[in-house]
Amino acid sequence: MTYLWLKAGHIIFVIFWMAGLFMLPRYFVYHQEAPEGSAENALWLEREGKLLKIILWPSLVVSWVLGLTLAISTGAFSQGWFHAKLAVVLILTAYHVWLAGYHAALKQGQRKLSGKKLRILNEVPGIAAAVIVIMVVLRPF
Ligand code: HEM
């Protein structure tokens, strides 16, 4: 039963993590449409900060802790599908850290990317999630 509870918890927090990764770049797009220094600009900074603190960082940590516990208890580290999955999850984690850095830059008034580029970047978690789920469910190698 423990294994099934671990896996259920893992999938639940992965869903929260993915939801946050899809929402934050959208927030950045709408944020950058607000005039700098305006009350709306401050409101978006607050919303982004809360999304990172309450959803994104906790769900990243719990997804990793439960995922690694599953990997150790099932011997996944010796399997090819898991190596491929872990590589894509590391890219997703780097993307998460980059998003947190982008929020910090917005706090400094730096708007580094256009709304169009942010929308294109928002495809990253979708593509990554598709590859990850195919690896863990089909285990092609
Ligand atoms: C954060 C690091 C992660 C690690 C270390 C990890 C590791 C694992 C392991 C070892 C399993 C159990 C496999 C088994 O039952 O034998 C698992 C299951 C699963 N993982 Fe992850 N995972 C991580 C992130 C993710 C992410 C980001 C997603 C989706 C976007 C994901 C989706 C799933 C799904 C859907 C299952 C259940 C598969 C099944 O029951 O057939 N995982 N994960």
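Heads up: the structure comes first, above all this text.
Quick caveat, the model's predicted, so the values are computed rather than measured.

### What to know about the pattern of salt bridges
Alright, step 1. Under the counting rule described, the total for this entry stands at one salt bridge.
Alright, step 2. K50 is paired through a salt bridge with E46; the nearest N and O atoms lie 3.0 Å apart. Separated by four residues within a single helix, K50 and E46 lie in helix α2 (residues 39-74), roughly one turn from each other.
Alright, step 3. The class for K50 is partly exposed, based on a relative accessible area of 45%.
Alright, step 4. With relative accessibility at 42%, the residue E46 sits in the partly exposed group.

### Some points on unusual backbone geometry
Alright, step 1. Here the phi dihedral of R139 falls at roughly 45 degrees; this positive angle occurs in a residue that is not glycine.
Alright, step 2. Counting through the fold element by element, R139 comes out in the segment after α5 (124-138).
Alright, step 3. Classification of R139 by relative accessible area gives partly exposed; the value is 42%.

### What to know about the coordination of the iron atom of the ligand
Alright, step 1. Summarising the metal site, the iron atom of the ligand is bound by the protein donors H10 (NE2) and K85 (NZ), whose distances to it range over 1.8 to 2.1 Å.
Alright, step 2. One way to put it: the six donor atoms around the iron atom of the ligand meet at angles of 84 to 178 degrees, and that makes the site octahedral. Taken together, the residues span a long stretch of sequence, with H10 in helix α1 (residues 2-31) and K85 in helix α3 (residues 80-107) at a distance of 75 residues. Across the pair, K85 and H10 agree in class, each one buried.

Cut-off values and rules
Residues numbered from 1 in each chain as written. Predicted model: local features only at pLDDT ≥ 70, side-chain atom pairs only at ≥ 80, totals over all residues. Heavy atoms only, no water. Salt bridge = Lys/Arg side-chain N within 4 Å of Asp/Glu carboxyl O. Helix = DSSP H or I, 4+ residues; strand = E, 2+ residues; numbered from the N terminus. Buried < 20%, exposed > 50% of the residue type's maximum accessible area, 1.4 Å probe, protein only. Donors = N, O, S within 2.8 Å, 3.2 Å for Na, K, Ca; no water. Tetrahedral: all angles 85-135°; square planar, octahedral: opposite > 155°, others 65-115°.

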